[in-house]
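This is what each chain is made of:
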Amino acid sequence: MSQTQLNDIKQKALKAFQAAQNSTELYNAKVQYLGKSGALTETMKLMATLPKEEKPQFGKLVNDVKTELEAFYSKAEDELKNKEINSQMESEKLDLTLPIDIQPLGSEHPIYKVTNEIFGIMARLGYALRTGPMIEKDYYNFEALNIPKNHPARDMQDTFFIDETHVLRTHTSPIQIHSLENEKPPLRVIGTGPVFRCDSDISHLPNFHQIEGMCVDEKVSMADLKGTISFFVKEFFGPGLKTRFRPSFFPFTEPSAEVDCSCPICKGKGCSLCKHTGWIEIGGCGLINPKVFEFAKVEYPKWQGFAFGFGVERMAIIKYGVDDIRLFPQNDVRFLKQF
Ligand code: PHE
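Being a predicted model, the structure only gives us computed values, none of them experimental.

> What is the right way to read helix α4 (residues 55–91) from this model?
Since there are 3.6 residues in each turn of an α-helix, residues three or four apart along the chain are aligned in direction. The end-to-end C-alpha distance of α4 is 53 Å, a good match for the 54 Å that 37 residues give at a rise of 1.5 Å each. Listing the buried residues of α4 in full gives Phe58, Gly59, Val62, Val65, Leu69, Tyr73, Ala76 and Leu80. Packed against the buried residues of α4 are α1 (3–19), α2 (23–34) and α3 (39–46).

> I'm lost on the packing of aromatic side chains in this one. Help?
The geometry of an aromatic ring pair is captured by two quantities: the separation of the ring centres and the angle between the planes. One pass over the full model with this rule turns up 14 aromatic pairs. When the ring of Phe232 is compared with that of Phe308, the centres are 6.1 Å apart and the planes differ by 35°; the resulting orientation is tilted. Taken as a pair, Phe232 in helix α8 (residues 222–237) and Phe308 in strand β9 (residues 304–311) lie far apart in primary sequence, 76 residues in all. On the basis of relative accessible area, Phe232 is assigned to the buried category, the value being 0%. Taking the ring centre of Phe236 as reference, the NZ or CZ of Lys319 above it sits at 4.2 Å.

> For this particular structure, what's the right way to read the state of the cysteines?
Here, the word disulfide means a covalent bond between the sulfur atoms of two cysteines. If you walk through the whole model with that rule in mind, you get zero disulfides. Cysteine Cys271 is unpaired, with the sulfur of Cys263 as its nearest cysteine sulfur at 3.7 Å. Residue Cys285 stays outside any disulfide, its sulfur separated by 12 Å from that of Cys261, the closest cysteine.

> Could you clarify how one ought to interpret the pattern of salt bridges in this entry?
Close approach of charged atoms lets side chains of opposite charge pair. Following the criterion strictly, the structure yields 17 salt bridges and no others. Residue Asp260 is joined to Arg246 by a salt bridge in which the shortest nitrogen-to-oxygen separation is 2.7 Å. Here Asp260, found in strand β7 (residues 253–262), pairs with Arg246, found in strand β6 (residues 243–250); they are 14 residues apart in sequence, far enough to count as distant. Residue Asp260 is classed as buried on the basis of its relative accessible area, which comes to 2%. Overall, Arg246 belongs to the partly exposed group, its relative accessible area being 29%. In the salt-bridge network here, residues are joined through shared partners; they are Asp138, Glu143, Lys149 and Arg154.

> Sorry if this is basic, but what is going on with the site of the ligand here?
Taken together, 15 residues sit near the ligand, with His171, Ser173, Arg197, Gln210 and Gly309 positioned nearest. A distance of 2.7 Å separates an oxygen atom of the ligand from a polar atom in the side chain of Arg197. A distance of 2.9 Å separates an oxygen atom of the ligand from a polar side-chain atom of Gln210. Its free accessible area being 320 Å², the ligand has 93% of it covered by the protein chains. For the shell around the ligand, the secondary-structure elements that each account for two or more residues are β5 (207–217), β8 (279–288) and β9. For the shell around the ligand, the element with the highest residue contribution is β9, accounting for three residues. Across the shell around the ligand, the residue classes tally to five nonpolar, eight polar and two charged.

> Got a minute to help me understand the nonpolar core in this structure?
Nonpolar side chains in soluble globular proteins generally cluster together in the buried interior. Counting residues in each nonpolar core, the largest one holds 47 residues, and the members touching the most others are Ile118, Phe232 and Phe328. Sequence-distant contacts of Phe232, that is, excluding residues within four places in its chain, are made with Ile118, Ile121, Met122, Phe308, Phe310 and Met315. Among the nonpolar cores identified, the runner-up in size contains 22 residues, and Ile147, Val216, Ile288 and Ala307 belong to it.

> Sorry, what's going on with the packing of α8 against helix α10 (residues 312–320) here?
For any two helices packed against each other, one specifies the crossing angle of their axes together with the interaxial distance. Two elements in contact, α8 and α10, have axes whose closest approach is 10 Å; the angle formed by their N-to-C orientations is 50°. Considered as vectors, α8 and α10 are oriented oblique to each other. Only Met315, Ile318 and Lys319 of α10 make contact with α8, whose side of the interface consists of Phe232, Phe236 and Phe237. Tallied by class, residues from the contact of α8 with α10 come to five nonpolar, no polar and one charged.

> I would appreciate a short explanation of unusual backbone geometry in the present structure.
Among all residues save glycine, negative phi is the norm, and among peptide bonds the norm is trans. For the peptide bond that leads from Pro185 to Pro186, omega is 0°, which places it in the cis range. Along the chain, Pro186 turns up in the loop between α7 (174–182) and β4 (187–196). With an omega dihedral of -5°, the bond running from Glu254 to Pro255 counts as a cis peptide bond. Of note in the backbone geometry, Asn150 takes a positive phi value of approximately 65° without being a glycine. When you line up the elements, Asn150 lands in the loop between α6 (138–141) and β3 (166–168). A positive phi angle, near 60°, is found at Asn331, a position not held by glycine. Residue placement: Asn331 occurs in the loop between α11 (327–330) and α12 (333–336).

> Looking at this model, I keep getting lost on the domain arrangement of the protein chain. Mind explaining?
By convention, interface size is frequently given as the accessible area that disappears when the constituent parts associate. Entries for the protein chain in the domain assignment read domain 1 (3–91) and domain 2 (110–336). Taking only C-alpha atoms into account, the centre of domain 1 sits 93 Å from that of domain 2.

What counts and how
- Residues numbered from 1 in each chain as written.
- Predicted model: local features only at pLDDT ≥ 70, side-chain atom pairs only at ≥ 80, totals over all residues.
- Heavy atoms only, no water.
- Helix = DSSP H or I, 4+ residues; strand = E, 2+ residues; numbered from the N terminus.
- Expected span 1.5 Å × (residues − 1).
- Buried < 20%, exposed > 50% of the residue type's maximum accessible area, 1.4 Å probe, protein only.
- Contact = heavy atoms within 4.5 Å.
- Phe/Tyr/Trp six-rings, centres within 6.5 Å; stacked < 30°, edge-to-face > 60°.
- Lys NZ or Arg CZ within 6 Å of the ring centre and 35° of its normal.
- Disulfide = S-S within 2.5 Å.
- Salt bridge = Lys/Arg side-chain N within 4 Å of Asp/Glu carboxyl O.
- Near = heavy atom within 4 Å.
- Polar contact = N/O pair within 3.5 Å; in protein donor to acceptor, adjacent residues only side chain to side chain.
- Areas by Shrake-Rupley, 256 points an atom, 1.4 Å probe, with all protein chains shown as cover.
- Nonpolar A, V, L, I, M, F, W, Y, C, P; charged D, E, K, R; others polar.
- Core = buried A, V, L, I, M, F, W, Y, C linked by side-chain atoms within 4.5 Å.
- Axes fitted to C-alpha atoms, helices over the stretch in contact; angles between N-to-C directions.
- Parallel < 35°, antiparallel > 145°, perpendicular 65-115°, else oblique.
- Domains from an automatic or database assignment.

Written out as structure tokens, the structure is:
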């Protein structure tokens, strides 16, 4: 092994290091020349065949070449690594001006919002919140409210029967009976929740919500009822809305009335939502029928009262000017996010 051969290996190695396009190629070149069975390592093994006096000098030469190649390698490695990092940063650049992927946030459903607003108004008049079961005993939904079995008044409400004695409650009025049975007058309660009727069109849902109010005290008149409802309606809709009380009939109130609000869509001119009457009915009311007190074992006429029941969806339609009640349960976010 001559010095020229050693020099030849060195030149070839330097060329290979220079030619490397990336750190993998460079590493492979290093293995080829400086690795365990690389060209330079092989020359070391040849030392054994040299005469004793030439060994130290040759050994030094090989070591010098090795040091030189290693220094060249680590410089080339640094350069290639830098180049690679730069090109990676270039190609994976983050565009901080891109719009972020915003997750839509949920919000209160308009029906929930309206219900809470109603609670707020009634709470200021001293009313406390009550609830009741959605599957009601026939007794609470009908009988105790003076709607006997086989009586034509039952036809007023298209009922989903569960079995002989249970129904999906058709109104929140059974909450009146629960309260009369479990609490002592004077009472001011407001009940709420879903109710169910076999009915569905532009202004009726089979599953809607009601707000029930009941006041029981020592001298309660129709004037108290009108005053309370007028205050409540004005607070909720604002002073611009027109309301009217229309004589009506409910087996559990006597006298009874229906409460109408002017139609927000046609402003009273007549449209399909208000069935061309200019008015939308929001619910019923009246003085509690003595028969109801009798069922609930509350002393009458010592205690007297009034009650009202309003449809929450109807109130929301009027407040927001929505022209189809069926939009509320559909839960289309394009509709819901407007509230
Ligand atoms: N429960 C009646 C209905 O759903 C409304 C009502 C409630 C009427 C209270 C009078 C008193 O139609």
